[in-house]
Amino acid sequence: MIYGRILYPSSKLSTFKFSKKLIEQPNFDCHHIYRALVVLAKEMDNIQSWLYTNSLKLSKRNTKILYYDCTNFFFEIEQESGLKQYGISKEHRPNPIVQMGLFMDGDGIPLAFSINNGNTNEQLTLRPLEKKILKDFNLSKFVVCTDAGLASQKNRKFNDRDDRAFITTQSIKKLKKHLKTWALDTKGWRLVNDNTTYDISNLDEDKYFDRIFYKERWIKEDDLEQKLIVTFSLKYRNYQREIRNSQIQRAQKLIDENPKKIGKSNKNDYKRFIKKTSVTKDGEKADKEIYTIHTENISNDEVYDGFYAVCTNLDSSVNEIIEVNKNRWQIEECFRIMKSEFKSRPVFLSRDDSIKAHFTTCFMSLIIYKLLERKLEKKYTCSDIIDNLKDMNFYKVDGEGFIPTYTRNDFTDDLHDAFGFRTDYQILNKKHLKNIFKQTKN
């Protein structure tokens, strides 16, 4: 199921048929796969701790920093039951979903996951999974890094105990008035290893375009002391302006071409820049609704261009905090690989144990893939690795062995060098293959 999920993700029946094409033939029937799902679901937590323990035999794990995030997966079904519940879909689909919480280590290797009901508040998912890590993984000293959506006060306080700490994205818009005023003040900014203070409203754009300015202060709210770090970047400011200008163009196009499709919008939707007028100047109900670009919303948005904030209980340097937080993109990549390359959704399962087993195999496949990626020193993209592995086929010669039918390239050379055996000889006899199988099992 792991080989199939990485190379040819499909149904359990198709995966069984695929297994018949492998050089090392499996010794089981299709119904054994379905029976195994019950076991995988039951042992889901134990499997995760065993995976972590066994991964330490391959290489060290960077558990000083742990990244946590949530995503959800939709079903090709409209009836909610068990884990499948209607909730806030990341992909804005009108289908039941399940929610996955994922912990990843500092090197981008998945560590642990949980599957929750689709209508669960994602802020409530962090602590239960983290408690499992504390209990089952024998880990106690680490920094948890999350985005703002998972940064509730309870989660921060939970990681302000013992030898744990937190780094979390902080919404400047949601800061108290005096802190927001301080954060957006153009004066008092610094550069790392520079004692000069700068006014960011009067910068040489060519000279400082790639530099990150910062200011920091300790704050205490609800008996929790934390350091608030705010950064400003001209490059990030221009990027945000580019995104918003594109959204404004989409909003104008919708007004001009298809105003009937204008409906509700969320805080990041381009439709937030559309203003609806339903009354006349005299306050009476208008005969028809009028749509225009919402200039006030645009102005309110522009105030925050280029600014970014994090909160932490660590007394580390600003540079160290920023570097740790920058790597949060890797957990988003894990979700992307599962959803795209591994085709983990839409889910076509109905029973809760089958759903848990499905995501357990997806999680295991992700660990295997990420360890392989690191073994290859991250020289290749995900599609490069999977496409090349798919192409590594062989022609069977009865009584003699197998002849490789793929073309040798940089990837196959690096793969063989990384694992210490070769499969690109003119013919692979059975003895040589048995040695390779033996190595893979060790």
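All of the points below concern the structure found in this document. The model shown is predicted, which means the values in this text are computed figures rather than measured ones.

## What to know about the overall build of the chain
In step 1: Each helix and strand counted, the chain has 16 helices and 14 strands in total.
In step 2: Projecting the C-alpha coordinates of the chain onto the three principal axes gives extents of approximately 90 × 60 × 45 Å.
In step 3: Across the 442 residues of the chain, 46% fall into the buried class.
In step 4: Taking the contacts inside the chain whose residues are at least 6 apart along the sequence as the reference set, 60% of them involve residues at least 24 apart.
In step 5: On the chain, roughly 25200 Å² of surface is accessible, and the fraction owed to carbon and sulfur atoms is 48%.
In step 6: Across the chain, the mean location of the 76 positive side-chain charges is 4 Å away from that of the 62 negative side-chain charges.

## Some details on the environment of Ser-365
In step 1: Tracing the backbone shows Ser-365 in helix α13 (residues 352-375).
In step 2: Using a relative accessible area of 0% as the deciding quantity, one classes Ser-365 as buried.
In step 3: If we skip the residues at most four places from it in the chain, Ser-365 touches Ile-2, Arg-5, Ile-6 and Phe-342.

## Examining the packing of helix α3 (residues 30-42) against α13
In step 1: Their axes nearest at 8 Å, the elements α3 and α13 cross at an angle of 80 degrees. Relative to α13, α3 is oriented roughly perpendicular. Taken together, the residues of α13 that come into contact with α3 (itself represented by Leu-37, Val-38, Leu-40 and Ala-41) are Asp-353, Ser-354, Lys-356, Ala-357, Thr-360 and Thr-361.

## Structural notes on the pattern of salt bridges
In step 1: By the definition in use, this model includes 30 salt bridges.
In step 2: Note that Arg-164 and Glu-130 form a salt bridge whose closest N and O atoms lie 3.2 Å from each other. One end of the pair, Arg-164, is in the loop between α6 (153-158) and β5 (165-169); the other, Glu-130, is in helix α5 (residues 126-136), and 34 residues separate them in sequence. When sorted by exposure, Arg-164 lands in the same class as Glu-130, which is buried.
In step 3: Because the salt bridges share partners, they merge into one network encompassing Lys-173, Arg-241, Arg-244, Arg-272, Asp-301 and Asp-305.

## Description of unusual backbone geometry
In step 1: Pro-346 follows Arg-345 through a cis peptide bond whose omega is 5 degrees.
In step 2: Along the chain, the position of Pro-346 falls in the loop between α12 (329-339) and α13.
In step 3: Located in the positive-phi region is Asp-222, a residue other than glycine, with phi close to 55 degrees.
In step 4: Structurally, Asp-222 can be placed in the loop between β8 (212-221) and β9 (224-233).

## Examining the packing of aromatic side chains
In step 1: If you walk through the whole model with that rule in mind, you get 17 aromatic pairs.
In step 2: Judged by centre distance (5.6 Å) and plane angle (70 degrees), the ring pair of Tyr-198 and Tyr-208 falls under edge-to-face. With Tyr-198 in strand β7 (residues 194-198) and Tyr-208 in helix α8 (residues 205-208), the pair connects residues that are ten residues apart, well separated along the chain. Accessibility assignment for this pair places Tyr-198 and Tyr-208 in one class, buried.
In step 3: With a centroid separation of 5.3 Å and an interplanar angle of 70 degrees, the aromatic rings of Tyr-198 and Phe-213 are classed as edge-to-face.

## Thoughts on helix α15 (residues 410-419)
In step 1: Among all positions of α15, only Phe-411, Thr-412, Asp-413, Leu-415 and His-416 are buried.
In step 2: Where α15 is buried, its residues touch α13 and α14 (382-391).
In step 3: For α15, the side-chain oxygen to backbone nitrogen distance between the N-cap and Phe-411 is 3.0 Å, and the N-cap itself is Asn-409.
In step 4: Just past α15, the residue Gly-420 takes up positive phi, approximately 75 degrees.

The rules behind each value
Residues numbered from 1 in each chain as written. Predicted model: local features only at pLDDT ≥ 70, side-chain atom pairs only at ≥ 80, totals over all residues. Heavy atoms only, no water. Helix = DSSP H or I, 4+ residues; strand = E, 2+ residues; numbered from the N terminus. Buried < 20%, exposed > 50% of the residue type's maximum accessible area, 1.4 Å probe, protein only. Contact = heavy atoms within 4.5 Å. Areas by Shrake-Rupley, 256 points an atom, 1.4 Å probe, with all protein chains shown as cover. Lys, Arg positive; Asp, Glu negative; His and termini not counted. Charge placed at Lys NZ, Arg CZ, Asp CG, Glu CD. Axes fitted to C-alpha atoms, helices over the stretch in contact; angles between N-to-C directions. Parallel < 35°, antiparallel > 145°, perpendicular 65-115°, else oblique. Salt bridge = Lys/Arg side-chain N within 4 Å of Asp/Glu carboxyl O. Phe/Tyr/Trp six-rings, centres within 6.5 Å; stacked < 30°, edge-to-face > 60°. Polar contact = N/O pair within 3.5 Å; in protein donor to acceptor, adjacent residues only side chain to side chain.

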